[in-house]
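An overview of the molecular structure
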Amino acid sequence: MTGIDKELSVGERENFMHSLFAFAKEHKAAHWLGTLEEFLDKVLPADPQGIVRTSHQYLWDMIRWTRRDQCDGQLSTGLFADELFGMDESIERVVDYFRAAAAGSEVGRRLLLLLGPPSGGKSTLVILLKRGLEEYSYTDAGALYGVQGCPVHESPLHLIPHTLRPNFREIYGVDISGEICPYCRMRLDQEFQGNFLKMPVERIFISEAGRSGIGTYAPHDPTTADLADLVGSVDLSKVAEFGDEGDPRAWSWSGAVYAASRGMLEMIEILKVKREFLYLLLTLTQEKNVKVSRFPLIYLDETIIAHTNLAEFRKFLQESENEALLDRMVIIQVPYALNYNDEAKIYKKLISSAAPAFRAVHLDPHVLHAAAVFAILTRLHEPEEKEQELAKKVRIYAGEDVEGVNRNEAARVRQKTPEEGLSGVSPRFVVNALSNAIIQADTKSLTTMDVLLALKDAIDNDARIDPKKKRKWIDYLVLARKYFYNRWVKEDVHKALFVSFEQEAQDLLEKYLDEVEATLDNRQIRDPMTNEERKPDERFLRSVEEKIHISDSGKQSFRQEVVRKAMGAYKRGEKFRLESHAQLHNAVQQYLFEQRRDVLRLVSSTSRPDEEVREKISVVEKRLIDEYGYDHHSAREALNYVTTLLAQE
């Protein structure tokens, strides 16, 4: 591997071009334009339920449309699966919110607030929802229709008079909710003389850039923030033309709530805005209308999703007058990832989108995971725990089998400390350190040790981190290396070295079987060299078994199981090999590695190894490159590093 991304092959380029053509074809959605009369005759009968969907129902249908599997309760949607990692619980709660809101529950009358630390994925989650809406609106299932020229893209069914709506329900089996906006009411009276059947209707497509169905509000200075950014204001340039500030045509309909009508409004850092903004938004969520001067209530159906950080939320909580506001919000926490495998995927995604110079640098297979372990350690609760306990917790969160911890206990670990993941190192901090290491690298190859040192340098030079936290975080770097990287790199070298000694491993397996059979049969073994009889070598048996933590009390049942499998292979006419027993394979591999560590020591020895040893080391290095994700530089560094570890043991 020469970088995170490989060059596209001819076949991959062709597949990509096919994808582009398919995308373009899908987006040639049928544009429709006609009168309300034609709409009621040709469009409505095909899907009355789809036509009257609320914004929450539309979003929920979009989420279901993006599912890769159709099993209820599954979160593997195309919308989130390849972009968000380590957020399954938060995503599940967001999906549950839309499911409940679409069903008509009171949840749909609440503002959704995503709460979490910076760079935790809140914005990305909202962006994915917005992109999903845009894509869905181009499909047949996501077809939306609105009054042509309406500043709030309102449903054409709002034109149906209230006196006729009961008949409409009887005929089509659905209810009409909502009122015609002031702008369309004026057009209806002045342009069409009240003949609502002649009002023009068109298919509309959701577009954030086109301010159709998606609105976004980002706060600026709270002291100068103007409510007009949300609800618009009088356009003085048009007052002279129309002669009345109360004329809807003289009103600027550029507010974010109008752009979001029929879709979604994103409120960034919502708790930084004035309280009057919050009351307007909560009234809009609860009552589906806004009140501005000179106009009656304006009906708007939209889903409001806001996000903020913990510091702003805690400040908000301290003000007692905000209690009523909090009661009308659904708050979902979006913490940092606590599974280092998910965290590593975040880094890979961020680096993959970086400059080509970054992608050209080779990273050894443990760079991202070791950095991720460090990040997870900073996010854990800080009790007075030993290093081993912290390392064990990281492994539990990663879903690994940990000795002495059963599955049920592992599931309860997270529940005991719900605050974990709400503070600590952000993915951005790690990626910045990684980027600096890439820029400063003399070679086009980075090892895990290079990146751990880059993280240490980033911590030392960050003036925002207090000295006590700096010391603790540097201790976490040491812990990540000691309990994770050391184990991973030794396992890689174990496996690569093991292949070079396959015959020795098979001989060792057969010796183990001979010793076990003699032990179980309570007989002696004849030494092939001296022809003398001796007792089975219990010390040898235990030295192999202890590599995989077989206890003294459990050795008998383990040995009987091995012999049964060996006899089964013999009866089938097969040879009992290492692959026949995974646990024993692992034990023999580790035992042989311990016996052959002298070969590794020769890698960094000043004396020249003989040809046989040099050949074996070359095979190990090649296997690390071909099968385990190293390049020549990082493979050599890994061998040197493991040699140093062995010398210290």
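Above: the structure in question.
Here's what I pulled together on the structure shown here. (Residues numbered from 1 in each chain as written. Predicted model: local features only at pLDDT ≥ 70, side-chain atom pairs only at ≥ 80, totals over all residues. Heavy atoms only, no water.)

Our focus in this paragraph is the overall build of the protein chain. Check the secondary structure of the protein chain and you find 29 helices and 16 strands. Sorting the 649 residues of the protein chain into buried and exposed places 48% on the buried side. Sequence separation of 24 or more characterises 73% of the internal contacts of the protein chain that already satisfy a separation of 6 or more. Taken as a whole, the protein chain presents about 32900 Å² of accessible surface, with 49% of it coming from carbon and sulfur. (Helix = DSSP H or I, 4+ residues; strand = E, 2+ residues; numbered from the N terminus. Buried < 20%, exposed > 50% of the residue type's maximum accessible area, 1.4 Å probe, protein only. Contact = heavy atoms within 4.5 Å. Areas by Shrake-Rupley, 256 points an atom, 1.4 Å probe, with all protein chains shown as cover.)

A word on the pattern of salt bridges. For the structure shown, the criterion picks out 38 salt bridges. The closest approach of N and O atoms between E208 and R131, which form a salt bridge, is 3.1 Å. With E208 in the loop between β4 (200-204) and β5 (214-217) and R131 in helix α6 (residues 122-136), the pair connects residues that are 77 residues apart, well separated along the chain. Its salt-bridge partner being R395, residue E400 comes within 2.7 Å of it at the nearest N-O pair. Given the relative accessible area of 22%, E400 is considered partly exposed. Taken together, the shared-partner salt bridges connect E538, R542, E545, E546, D552, K555 and R559 into one network. (Salt bridge = Lys/Arg side-chain N within 4 Å of Asp/Glu carboxyl O.)

What follows is about helix α25 (residues 555-571). Between its first and last C-alpha, α25 extends 24 Å over 17 residues, near the 24 Å set by a 1.5 Å rise per residue. Listed in full, the buried residues belonging to α25 are K555, F558, R559, V562, V563, A566, G568 and A569. Considering only its buried residues, α25 is in contact with α23 (502-521), α24 (538-545) and α26 (582-595). In the stretch just after α25, G573 is the one whose phi turns positive, near 75 degrees. (Expected span 1.5 Å × (residues − 1).)

Among the five residues of strand β8 (residues 264-268), four are classified as buried, and the element is accordingly described as predominantly covered. When β5 meets β8, the two strands line up parallel, connected through four bridges. Bridging from a neighbouring strand, T216 pairs with E266 of β8. In this sheet, strand β11 (residues 303-308) lies alongside β8 in parallel orientation, the contact comprising five bridges. (Pairing = 2+ DSSP bridges.)

A word on the packing of α24 against α25. Close contact between α24 and α25 brings their axes to 12 Å; oriented N to C, the two are set at 90 degrees. Taken together, the axes of α24 and α25 lie roughly perpendicular to each other. Contact residues: E538, L541, R542 and E545 in α24; K555, F558 and R559 in α25. The residue makeup of the contact of α24 with α25, split by class, is two nonpolar, no polar and five charged. (Axes fitted to C-alpha atoms, helices over the stretch in contact; angles between N-to-C directions. Parallel < 35°, antiparallel > 145°, perpendicular 65-115°, else oblique. Nonpolar A, V, L, I, M, F, W, Y, C, P; charged D, E, K, R; others polar.)

Here we come to the sheet that holds strand β2 (residues 111-115). Taking strand neighbours across the sheet as the criterion, the five strands line up as β5-β8-β11-β2-β12 in an open arrangement whose pairing is parallel. Taken across any chain shown, the strands that pair with only one partner, and hence form the sheet edges, are β5 and β12 (329-333). Adjacent strand axes in the sheet meet at a mean angle of 20 degrees, parallel and antiparallel pairs treated alike. Contacting β2, β11 and β12, helix α5 (residues 88-102) crosses the sheet at an angle of about 160 degrees to β12.

Glancing now at the sheet that holds strand β3 (residues 144-147). Pairing within the open sheet is antiparallel, and its three strands lie in the order β1-β4-β3. In this open sheet, the two edge strands, each paired with only one partner strand, are β1 (33-35) and β3. Across the sheet, the axes of successive neighbouring strands diverge by a mean angle of 35 degrees, strand direction being ignored. Pairing of β3 with β4 involves four bridges; the strand directions are antiparallel. Bridging across to β4, L144 finds its partner in I204. In the packing of helix α2 (residues 36-43) onto the sheet, contacts are made with β1, β3 and β4, and the angle to β1 comes to roughly 110 degrees.

Applying the stated criterion to the full structure yields 19 aromatic pairs. For the pair W65 and Y136, a centre-to-centre distance of 5.4 Å together with 45 degrees between the ring planes defines the contact as tilted. In this pair, W65 sits in helix α4 (residues 55-65) while Y136 sits in helix α6, placing the two residues 71 residues apart along the sequence. Taking the centre distance of 5.1 Å and the plane angle of 80 degrees together, the rings of Y97 and F98 count as edge-to-face. The residues Y97 and F98 share a single accessibility class, namely buried. Pairwise contacts between aromatic rings join W251, W253, Y258 and F295 into one cluster. (Phe/Tyr/Trp six-rings, centres within 6.5 Å; stacked < 30°, edge-to-face > 60°.)

Attention now goes to the environment of L578. Looking at the secondary structure, you find L578 in the loop between α25 and α26. For L578, a relative accessible area of 6% gives the class buried. A C-alpha to C-alpha distance of 8.1 Å links L578 and A505, two positions 73 residues apart in sequence. Contact partners of L578, with chain neighbours within four places excluded, come to F498, A505, Q506, L509, H585 and V588.

Residues separated by three or four positions in an α-helix point in the same direction, a consequence of the helix having 3.6 residues per turn. Judged by how many residues are buried, α4 sits mostly within the fold: eight of 11 residues are covered. Considered for burial, the residues of α4 that qualify are S55, H56, Y58, L59, W60, D61, M62 and I63. Taken together, the buried residues of α4 touch α5, α6, β3, β8 and β11.

This brings us to the side chain of K288. Relative to the assigned elements, K288 resides in the loop between α12 (275-287) and β9 (289-290). There is a polar contact of 2.9 Å between the side chain of K288 and the side chain of D301. Leave out the neighbours within four places in its chain, and K288 touches T283, I298, Y299, L300 and D301. (Polar contact = N/O pair within 3.5 Å; in protein donor to acceptor, adjacent residues only side chain to side chain.)

Turning next to the nonpolar core. Judged by nonpolar contacts, the single largest core of 66 residues is most densely connected at F39, L230 and Y258. Per-element tally for this core: the top contributor is α12, with six residues. Setting aside its immediate chain neighbours within four residues, F39 contacts W32, L44, P45, I51, Y145, P156, L157 and V201. Core analysis: the next-biggest nonpolar cluster, separate from the first, contains 52 residues, A398, A437, I459 and W488 among them. (Core = buried A, V, L, I, M, F, W, Y, C linked by side-chain atoms within 4.5 Å.)

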